[in-house]
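Descriptive structure summary
Spelled out from the first residue to the last, the chains are:
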Amino acid sequence: MIKITLPDNSVREFPKGSSGLDIAKTISNRLANDVLSVSVNGEVWDLTRPIEADAAVKLYTWDDREGKETFWHSSAHLMAEAIEFFYPGTRFGIGPTVDTGFYYDVDLPSGYQLVEKDLEKIEKKMLELAREKHDIVRSQVSKAEALKLFTEKGDELKLELIGELEDGTISLYNQGGFTDLCRGPHLPNTSYVKAVKLTNIAGAYWRGNEKNKMLTRVYGVTFPKQKMLEEYLVMIEEAKKRDHRKLGKEMELFTFSEAVGQGLPLWLPKGAQLRAQLEDFLRRVQKKYGYDQVITPHIGDVQLYKTSGHYEKYGKDSFQVIKTPAEGEEYMLKPMNCPHHCEIYKSKPRSYKDLPVRMAEFGTVYRYEQSGELHGLTRVRGFTQDDAHLFCRPDQLKEEFKKVIDIIFIIFKALEFNDYNAQISLRDPDKPEKYIGTAENWEKAERAIIEACQEKGLKTVTELGEAAFYGPKLDFMIKDALGRSWQLGTIQVDYNLPERFQLEYIGADDKRHRPVMIHRAPFGSMERFVAVLIEHTAGKFPLWLTPDQVVVLPISEKYNDYARTVSNILNFSDIRSVVDDRNEKIGRKIRDNELKRIPYLLIVGEKEAESATVSVRRQGEGDKGAMTAQEFAALVKEEVKMQLTGLYN
RNA sequence: GCCAGAGUAGCUCAGGGGUAGAGCGCUUCCUUGGUAAGGAAGAGGUCACGAGUUCAAUUCUCGUCUCCGGCUCCA
């Protein structure tokens, strides 16, 4: 007998060689039906794999990430089997799970190509294979055996993978006629898969390297119940409705023009209003935190970027240098604001008493992003950073860093971004050539970030090799409507630029010292932030932020003048209002303006004109009764005040 | 930049070798209304751009541009 410890710390005895499934059966039939995989001493195993010694065991179902992963991983194999059925000789790369589903990278026999309409037949075949209820069987093999098997299959991709594995750690999984190299774990058999949707086909470089062959990546998702697939598809449709590119057009916030150029957004009046509102908000927050606004030009002498190191790193992939009529004179569109801010720092001698110096600028920068990478407002070639650079003494670094985290918290709170990830990006220790600066400075900078996050109690994940080339950073990532992650706020510690620009301050000891620099952009960029904000709110911006706060709807054209009077009163009190004076019935005006997501609708007709009032209707809520324009203005101002209370006042 | 798909009216889309259609929007007229779509008439298109095939191309072929889904990249 072996002792099995369950998550509630209860210990039960089972015969040696019992499996996770055996354990589940003793708990309940329901659990035995639902369980998908099992963790044995922290390692996720197949449900049917015998447990030979005492162990801590946890059973995973669809509700656990581990359970879903097992399910989707087996689904990837099922898809591979179906693809092999239609295209014998296909070579298989890797087939991992992703956030929603799985993919498999495949290399079809020459002459074959997968197109969208092939997916349907593969889906059908997958369901057919699933219904046949093939057991999924694990076997442990030697490296030589594995190499032999895949040499016979002619699958060079798998051979390359096996070549890198250690002998004795190699396992295969077989189901029906299909065998794949795989660490597992997997479902007991294929019949668990009840619903299949192959979502799209894309190209992907073998092993993520653009020098390698392009494989065909097939994405899919599967479910244990047909109903779950239906719900998932509805969810995707709903998400598409929130897409900022769609809503941006619909709400007339921004547009693009081929004549202007790729990735160069044009902000329409309402979008510009929204942006101005966001900038104003951030300016106030930053003022409270002791920042000074500066303004710098959109271009700079090439030498400036040679000093900063950006020219060497990105020069050939940037918008190219701007020549002037003068011989040898060269400028660049600025790809970032830091070099300009360093020059402002240098414009006069600084004392230790002056530090920290906090310089903020809504700085527009231009980066020649790869054409295939451009995406709505989230990835563009000309954008405005809510940038600031803090120059501080080494002893002030951590405190300053923590204050920047506070600012980001304020912003996320104001806009109700509760679901974000914080990521610490460090250098890749194996690739020192990718970075500038001394190991010692990197060490100091990385430690400062890690400690500041700990002291703020911020839950973070750490990624090696994701740092900027001049320093480590802390990024805040938010997901868009379709679950794609975008980096918003970023904070970076930099010991390198101060050195390159020879920045100094005079210390209490009357000697010259080098300040430390913090780069930070809580929004990331105005463009990306607005994009994520649109998807987050589905276009229903909070009252304080939304471009049109109020629309006045005259009942008939006879009351247009009164409506304009009301609107003027509101605009005079700093409330953004418009009048819908179209020759339409009131029902129509209400409908159209509700759909435009304007928070307050004021209906004015004979009654209101006579009593000098407005009938208030709140978007999505309906009639709120009558009051004077002044009373309504006070109500709006109070609501705005409530929304912003404690954020910067 | 790479792989795959797409581009028809301001928007959403249908059509298809004989130079185009719907709904919404827009303009004008009728209507002057009370809390989610009143009625009528009208304007608006080099069918992304450039070549080729053809008696004839918006339709077929090739190229270019842009957009979409991924990959790579992201100071």
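Computed from a prediction, not measured in an experiment: that's the story for all the values here.

On to the protein's contact with RNA strand B. If you check the shell around RNA strand B, you find 54 residues, and the closest are Ser371, Glu373, Ser556, Asn583 and Arg588. Sugar and phosphate atoms represent 50% of those atoms of RNA strand B found within 4 Å of the protein. With respect to RNA strand B, the side chain of arginine 245 contributes an N or O atom lying 2.7 Å from a phosphate oxygen. A distance of 2.7 Å separates a base nitrogen of RNA strand B from a polar backbone atom of isoleucine 555. Breaking the surface near RNA strand B down by element, the ones donating at least two residues are β12 (195-205), β13 (214-223), α8 (244-250), α11 (310-314), α18 (586-595), α19 (606-611) and β32 (614-618). Counting residues per element, the surface near RNA strand B draws most heavily on α18, at seven residues. Split by residue class, the surface near RNA strand B holds 16 nonpolar, 16 polar and 22 charged.

With that settled, consider the sheet that holds strand β1 (residues 2-5). Taken in spatial order, the five strands make up an open sheet running β2-β1-β5-β3-β4, and their pairing is mixed. Unpaired on one side and paired on the other, β2 (11-14) and β4 (43-45) mark the two borders of the sheet. The sheet shows a mean angle of 35° between the axes of neighbouring strands, taken without regard to direction. Pairing analysis gives four bridges linking strand β3 (residues 37-40) to strand β5 (residues 55-60), with the strands arranged antiparallel. Of the residues in β5, the one forming a bridge with serine 37 is tyrosine 60. On the sheet, helix α3 (residues 65-86) packs against β3, β4 and β5 and is oriented at approximately 120° with respect to β3.

Look at helix α9 (residues 269-288) against helix α16 (residues 526-537): their axes get within 11 Å of each other, and the N-to-C directions meet at 105°. Considering their axes alone, α9 and α16 lie roughly perpendicular with respect to each other. Note on element contacts: α16 touches α9 through Met526, Glu527, Phe529, Val530 and Leu533, opposite Leu274, Arg275, Leu278 and Glu279. Grouping the constituent residues of the contact of α9 with α16 by class yields six nonpolar, no polar and three charged.

A few words on the nonpolar core. The biggest cluster of nonpolar side chains holds 81 residues, and the ones touching the most others in it are Leu278, Phe281, Leu415, Leu474 and Phe632. A total of ten residues in this core trace back to one element, the largest contributor, which is helix α13 (residues 397-414). Both domain 3 (254-295 + 336-360 + 380-537) and domain 4 (550-644) contribute no fewer than three residues apiece to this core. Residues contacting phenylalanine 632, with those up to four places away along its chain left out, are Val550, Leu570, Tyr600, Leu602, Val614, Val616 and Met627. If you look at the next biggest cluster of nonpolar residues, it comprises 54 residues, including Ala32, Leu47, Val57 and Tyr104.

With that out of the way, let us pick up the pairing of strand β28 (residues 516-521). Summarising burial for β28: six of the six residues are buried, a large majority. Of the pairings in the sheet, the one linking strand β25 (residues 485-494) to β28 comprises five bridges and is antiparallel in character. Residue pairing across strands places glutamine 492 opposite histidine 519, the latter belonging to β28.

As far as domains go, chain A holds domain 1 (2-61), domain 2 (67-234), domain 3 (254-295 + 336-360 + 380-537) and domain 4 (550-644). Using only C-alpha atoms to locate each centre, domain 1 and domain 3 end up separated by 47 Å.

Bringing the pairing of β13 into the picture now. Of all ten residues in β13, seven are buried, a share of seventy percent or more. Note: strand β8 (residues 101-107) against β13, five bridges, orientation antiparallel. Pairing of tyrosine 104 across the sheet is with valine 218, part of β13. Pairing of β12 with β13, which is carried by ten bridges, proceeds in the antiparallel orientation. Bridge pairing in β13 links alanine 202 to arginine 217.

With that settled, the discussion passes to the environment of arginine 484. Checked against the element boundaries, arginine 484 lands in the loop between β24 (473-479) and β25. With a relative accessible area of 35%, arginine 484 lands in the partly exposed category. Considering only alpha carbons, one finds arginine 484 and aspartate 99, 385 residues apart in sequence, at a separation of 9.6 Å. Leaving out residues up to four positions away in the same chain, arginine 484 has contacts with Asp243, Arg245, His375, Ile478 and Lys479.

Now for the packing of aromatic side chains. Scanning the entire structure with this criterion turns up 25 aromatic pairs. Where tyrosine 87 meets tyrosine 112, the ring centres are 5.5 Å apart and the plane angle is 75°; that geometry is what we call edge-to-face. With tyrosine 87 in the loop between α3 and β6 (91-92) and tyrosine 112 in the loop between β8 and α4 (118-131), this residue pair connects regions lying 25 residues apart in the sequence. Judged by its relative accessible area of 48%, tyrosine 112 is partly exposed.

Within helix α1 (residues 20-27) the residues assigned to the buried category are Gly20, Leu21, Ile23 and Ala24. Buried residues along α1 cover an arc of 155° about the axis, so they all sit on one side. On its buried face, α1 is in contact with β1, β2, α2 (29-34), β3 and β5.

Rules used throughout
Residues numbered from 1 in each chain as written. Chains lettered and ligands numbered in written order. Predicted model: local features only at pLDDT ≥ 70, side-chain atom pairs only at ≥ 80, totals over all residues. Heavy atoms only, no water. Near = heavy atom within 4 Å. Polar contact = N/O pair within 3.5 Å; in protein donor to acceptor, adjacent residues only side chain to side chain. Helix = DSSP H or I, 4+ residues; strand = E, 2+ residues; numbered from the N terminus. Nonpolar A, V, L, I, M, F, W, Y, C, P; charged D, E, K, R; others polar. Pairing = 2+ DSSP bridges. Axes fitted to C-alpha atoms, helices over the stretch in contact; angles between N-to-C directions. Contact = heavy atoms within 4.5 Å. Parallel < 35°, antiparallel > 145°, perpendicular 65-115°, else oblique. Core = buried A, V, L, I, M, F, W, Y, C linked by side-chain atoms within 4.5 Å. Buried < 20%, exposed > 50% of the residue type's maximum accessible area, 1.4 Å probe, protein only. Domains from an automatic or database assignment. Phe/Tyr/Trp six-rings, centres within 6.5 Å; stacked < 30°, edge-to-face > 60°. Arc of directions from axis to C-beta.

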